[in-house]
Amino acid sequence: MDGAGQSQSGGDPGFAFDNSYQRLPDRFFERLAPTPVKDPQLIKVNEALAEMLGLDVAALTSKAGVAMLSGNQVPEGAEPIAMAYAGHQFGGFVPQLGDGRAILLGEVVGRDGLRWDIQLKGSGPTRFSRMGDGRAALGPVLREYIVSEAMAALGIPTTRSLAAVMTGEYVFRDGPLPGAVLTRVARGHIRVGTFQYFAARSDVEGLRLLADHVIDRFYPELKSAERPYMALFEQISARQAALVASWLLIGFIHGVMNTDNMSIAGETIDYGPCAFMDAFDPATVFSSIDQHGRYAYGSQPSIAQWNLARLGETLLPLINTDEDAAVADATAVLEKFPTFFSEVYFSGLKRKIGLLQDDENDGALVTQLLGLMRAAGADFTMTFRRLCDAVAEDADLSELHEMFAPGNPEGLTAWLDAWRARGAHEALDVMKRREMMLATNPLYIPRNHLIEAAIKAAETNGDLTKFETLVEVLSRPFEEQPGMDLYTKPPLPEEVVSATFCGT
Ligand code: AMP
Ligand code: MG
């Protein structure tokens, strides 16, 4: 495979590590270096992110830099560890999971003043690998790179992708596949499952250390709260509710919302079998391992709340020494979740159709639209994008009508009339509302068939051009880009990808 041109200059990329998680007790992790790979070749470095992290891009793409990104060389100041965690997988509790194929190198404070984890994923076996090989295949690495960076460009909290490299080795899944390593950057890799790991061992001291670390790092304003651990549970719940609402608002399906894949920092994490929905249907499931639809699009809010209930259970001994009182306190917080979620979700839906003012019928208006979309199997992304243009008085509505043709055309006409009548009560003028809608409703999303095509080209003949183009187009999702019409389109019937596979 052609790697992206590797720079000849050597030098140090300049990771300014300051590793706070490694200062926690030894039972929080295993210290070990990544396992070297045979022949590392750079696929891509995310230059904008590298600069944000204060790194030297030329050094990062040099031979020495690529050695670091593949795990062949541990950068100065890194203290590599595999983190311990547990988790509920599809509802069943596993007391020990942990980083079975990832290694946290350390933390870097970026130019934004925030602390960022630098992690290699696919970096070899650890104590937590169980039966796995500790490696990642090229396809899932490209998928995570594409989707995580698209999410960031859409303004959704997410882990980021700093780089992808080929290992020059094969991994064996159903058959041999090229291996790769992703460098993942996150506000943190602490999960609901990290709390569960200590709770399952009745390690209250560990729980307290973890909770204090989380407060220090992600929620420092809570240090002075009257009841910091209650406040922590509430803030984590609020961030998670807002995150899941933002997923629903762009048609994202995480696919494997196990408690070990729910970040305490409120970021989208673990892009395994994730996918964006084309035709709107809340029952949509893509993941091949989600046979009962536990993690369907429309189930994501209730699953998030279920996961938070598991988090709440781990926090009980910190919340109150009286167990009954602790349960009552945690339950009161948990019951706020639907309100946290609905506020962000409904205001987001309203924004998507260009409404900012309050009107008691707005909830019904957005619900009716979703009902029509579902009945017609209308494309989620393009429906909202077409509505941006439909806001103008003299708009041509024919494309919208075409999208809804198989469903209920009279229903759409009636809805458009009601929506326009309601729009007339907005303070913003039509053009301003259109602008706001265009900045809210993306034109380009990482559609599954486009991702699959990019992966296939890379896997079968080392062609990275589709991957490169997709990443480029998705970096400006709201802005119409000339010549990129293909990237706006839902799949043709023969292009539909109905299942995605977990990235193992
Ligand atoms: P995931 O489904 O990717 O969230 O992973 C769930 C658990 O399985 C985590 O503990 C991972 O570290 C572990 N795991 C997944 N794939 C592998 C692999 N190829 N080798 C070792 N551990 C793995
Ligand atoms: Mg995971």
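Residues numbered from 1 in each chain as written. Chains lettered and ligands numbered in written order. Predicted model: local features only at pLDDT ≥ 70, side-chain atom pairs only at ≥ 80, totals over all residues. Heavy atoms only, no water.

## Let's talk about the overall build of the protein chain
Moving on, step 1. Scanning the protein chain from N- to C-terminus turns up 17 helices and 12 strands.
Moving on, step 2. The C-alpha radius of gyration of the protein chain comes to 23 Å, within 12% of the 23 Å expected for a compact globule of 504 residues.
Moving on, step 3. The buried share of the protein chain, reckoned over its 504 residues, is 57%.
Moving on, step 4. Considering only intrachain contacts with a sequence separation of at least 6, the fraction spanning at least 24 residues in the protein chain is 73%.
Moving on, step 5. Of the side chains in the protein chain, 44 bear a positive and 66 a negative charge, and the two mean positions are spaced by 3 Å. (Helix = DSSP H or I, 4+ residues; strand = E, 2+ residues; numbered from the N terminus. Rg over C-alpha atoms; globule rule 2.2 N^0.38 Å. Buried < 20%, exposed > 50% of the residue type's maximum accessible area, 1.4 Å probe, protein only. Contact = heavy atoms within 4.5 Å. Lys, Arg positive; Asp, Glu negative; His and termini not counted. Charge placed at Lys NZ, Arg CZ, Asp CG, Glu CD.)

## Thoughts on the coordination of the magnesium ion (ligand 2)
Moving on, step 1. Around the magnesium ion (ligand 2), the protein supplies N261 (OD1) and D270 (OD) as donor atoms, at distances of 2.1 to 2.2 Å. The two residues N261 and D270 agree in class, both being buried. (Donors = N, O, S within 2.8 Å, 3.2 Å for Na, K, Ca; no water.)

## Notes on the environment of P220
Moving on, step 1. The topology assignment puts P220 in the loop between α6 (204-218) and α7 (228-250).
Moving on, step 2. For P220, a relative accessible area of 41% puts it in the partly exposed group.
Moving on, step 3. Placed 33 residues apart in sequence, P220 and R187 show a C-alpha to C-alpha distance of 14 Å.

## Examining the pairing of strand β6 (residues 102-109)
Moving on, step 1. In terms of burial, β6 is a largely internal element, seven of the eight residues being buried.
Moving on, step 2. Of the pairings in the sheet, the one linking β6 to strand β7 (residues 115-121) comprises seven bridges and is antiparallel in character. Looking at β7, one finds that V108 is bridged to W116.
Moving on, step 3. If you look at the hairpin formed by β6 and β7, you'll find five residues sitting between the two strands, and G113 has a positive phi there, around 85°. (Pairing = 2+ DSSP bridges.)

## A short note on the domain arrangement of the protein chain
Moving on, step 1. Taken domain by domain, the protein chain comprises domain 1 (21-192) and domain 2 (355-438).
Moving on, step 2. Using C-alpha coordinates to define each centre, domain 1 is positioned 42 Å away from domain 2. (Domains from an automatic or database assignment.)

## Describing the site of ligand 1
Moving on, step 1. Of all residues adjacent to ligand 1, which total 18 residues, the nearest are G98, G100, R130, D133 and G134.
Moving on, step 2. Within the backbone of G100, an N or O atom sits 2.7 Å from an oxygen atom of ligand 1.
Moving on, step 3. For ligand 1, a nitrogen atom lies 3.0 Å from a polar atom in the side chain of D133.
Moving on, step 4. Protein burial of ligand 1: of its 480 Å² of free accessible surface, 88% is covered by the chains.
Moving on, step 5. Taken together, the residues that form the shell around ligand 1 break down as two nonpolar, eight polar and eight charged. (Near = heavy atom within 4 Å. Polar contact = N/O pair within 3.5 Å; in protein donor to acceptor, adjacent residues only side chain to side chain. Areas by Shrake-Rupley, 256 points an atom, 1.4 Å probe, with all protein chains shown as cover. Nonpolar A, V, L, I, M, F, W, Y, C, P; charged D, E, K, R; others polar.)

## Considering empty space enclosed by the protein
Moving on, step 1. Within this structure, the stated rule accounts for one cavity of 30 Å³ or more.
Moving on, step 2. Size it by volume and the largest cavity reaches roughly 50 Å³.
Moving on, step 3. Considering the residues around the largest cavity, the lining is formed by Q240, L243, W247, M257, N258, N261, M262, S263, E267, T268, I269 and N307.
Moving on, step 4. Considering each element in turn, the lining of the largest cavity owes the most residues, three residues, to α7.
Moving on, step 5. In terms of residue class, the lining of the largest cavity is built from five nonpolar, six polar and one charged. (1 Å grid on protein atoms, 1.4 Å probe; cavity = no way out; pocket = protein on both sides within 12 Å on 5 of 7 lines; lining within 4 Å. Points joined across faces, edges and corners; volume = space filled by probe spheres on them.)

## Some thoughts on the nonpolar core
Moving on, step 1. Among the nonpolar cores identified, the biggest contains 155 residues, and F195, I353, L387 and W419 are the most heavily contacted of them.
Moving on, step 2. Sort the elements by how many residues they give to this core and α7 lands first, with 14 residues.
Moving on, step 3. The residue makeup of this core includes at least three contributed by each of domain 1 (21-192) and domain 2 (355-438).
Moving on, step 4. Once you skip the residues sitting within four places of it in the chain, L387 turns out to touch I353, L369, L400, W415, L416, W419 and M437. (Core = buried A, V, L, I, M, F, W, Y, C linked by side-chain atoms within 4.5 Å.)

## Remarks on unusual backbone geometry
Moving on, step 1. A positive phi angle, close to 50°, is found at R130, a residue other than glycine.
Moving on, step 2. Residue placement: R130 occurs in the loop between β7 and β8 (136-137).

## So, helix α16 (residues 448-461)
Moving on, step 1. With 14 residues, α16 should reach 20 Å at 1.5 Å per residue; the first-to-last C-alpha distance of 20 Å fits that figure.
Moving on, step 2. By the burial criterion, the buried members of α16 are N448, H449, L450, I451, A454, I455, A457 and A458.
Moving on, step 3. Packing partners of the buried residues in α16 comprise α4 (138-153), β12 (275-276) and α17 (465-474).
Moving on, step 4. Phi for G462, located one or two positions after α16, is positive at around 65°. (Expected span 1.5 Å × (residues − 1).)

## Some words on the confidence of the model for the protein chain
Moving on, step 1. Looking at the protein chain as a whole, the pLDDT averages 95, with 97% of positions reaching at least 70.
Moving on, step 2. This model gives residues 1-8 a pLDDT under 50, and the stretch forms 20 contacts once residues within four places in sequence are excluded. (pLDDT = per-residue confidence, 0-100.)

## Some thoughts on the pattern of salt bridges
Moving on, step 1. Evaluated as defined, the whole model comprises 35 salt bridges.
Moving on, step 2. With a shortest N-O distance of 3.4 Å, R184 and D270 are connected by a salt bridge. In this pair, R184 is assigned in strand β10 (residues 176-186) and D270 in the loop between β11 (252-253) and β12, connecting sequence segments 86 residues apart. Accessibility classification places R184 together with D270 in one group, the buried group.
Moving on, step 3. Among the charged side chains, a salt-bridge network with shared partners connects D18, R23, E107, R115, D117 and R217. (Salt bridge = Lys/Arg side-chain N within 4 Å of Asp/Glu carboxyl O.)

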